[in-house]
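# Observations on the three-dimensional arrangement
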Amino acid sequence: RIPEQAWLRLFDRGGGPGLLLDLTRNVNRPDVANALGNALYARAGFEITIEPGRLAPGEYTLAIVQQLGDAMAVCTATGRLSLMAGDVRAAPSPR
C-alpha cells in the first residue's frame, strides 16, 4: 500500500531537537514495480533535499514515518546521518 503522506524523522542522537520533514512522494521507481510485479508501485519512490544550515552538526538517526489511512507507521529500517561542518555523510544501518 502506498502511503497518503510520508515524512523523514531525524532524531538528534546528542539529545537536541529532532526534525520531521516532508518527503516528495511519487518519484519514479520502475525497479520497485518490477521487483513486486505490480505497476502500481512504479511511482512508489520518495526524495528529500535538506537546505544547508537546516541541521546542526551531529549524529542523527533517520526513520520514515508514513500515514496509511487513519494510522501512522514508522518504518523499522532506520539509518544514520553524521553531519560535520561542511561535510555530510550518510551511513546505512547495521544489519
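Thresholds, definitions, all that
- Residues numbered from 1 in each chain as written.
- Predicted model: local features only at pLDDT ≥ 70, side-chain atom pairs only at ≥ 80, totals over all residues.
- Heavy atoms only, no water.
- Helix = DSSP H or I, 4+ residues; strand = E, 2+ residues; numbered from the N terminus.
- Buried < 20%, exposed > 50% of the residue type's maximum accessible area, 1.4 Å probe, protein only.
- Core = buried A, V, L, I, M, F, W, Y, C linked by side-chain atoms within 4.5 Å.
- Phe/Tyr/Trp six-rings, centres within 6.5 Å; stacked < 30°, edge-to-face > 60°.
- Lys NZ or Arg CZ within 6 Å of the ring centre and 35° of its normal.
- Salt bridge = Lys/Arg side-chain N within 4 Å of Asp/Glu carboxyl O.

### Overview of the environment of threonine 78
Summarising the element assignment, threonine 78 is placed in the loop between β6 (71-74) and β7 (79-84). A residue is classified by how much of its surface remains accessible, and threonine 78, at 36% relative accessible area, is partly exposed. Note: C-alpha distance between threonine 78 and leucine 62 (16 residues apart in sequence) is 5.5 Å.

### Observations concerning the nonpolar core
Counting 11 residues, the largest nonpolar core is built from Ala6, Leu8, Leu10, Leu21, Leu23, Leu55, Tyr60, Leu62, Ile64, Leu81 and Leu83. Elements that contribute at least two residues to this core include exactly β1 (5-12), β5 (58-68) and β7.

### Quick word on the packing of aromatic side chains
Enumeration according to the criterion identifies 0 aromatic pairs in this entry. Taking the ring centre of phenylalanine 11 as reference, the NZ or CZ of arginine 9 above it sits at 4.3 Å.

### Observations concerning unusual backbone geometry
Even without a glycine there, the phi angle at asparagine 26 is positive, about 65 degrees. Within the fold, asparagine 26 resides in strand β3 (residues 24-27). For asparagine 26, a relative accessible area of 34% translates into the label partly exposed.

### As for the pattern of salt bridges
Here the structure, examined in full by the defined rule, presents 1 salt bridge. Taking the shortest distance from any N to any O, the salt bridge between arginine 29 and aspartate 31 comes out at 2.6 Å.

### Some details on the environment of aspartate 70
In this fold, aspartate 70 is placed in the loop between β5 and β6. Distance in space between the C-alpha atoms of aspartate 70 and glutamate 4 is 10.0 Å, their sequence separation being 66 residues.

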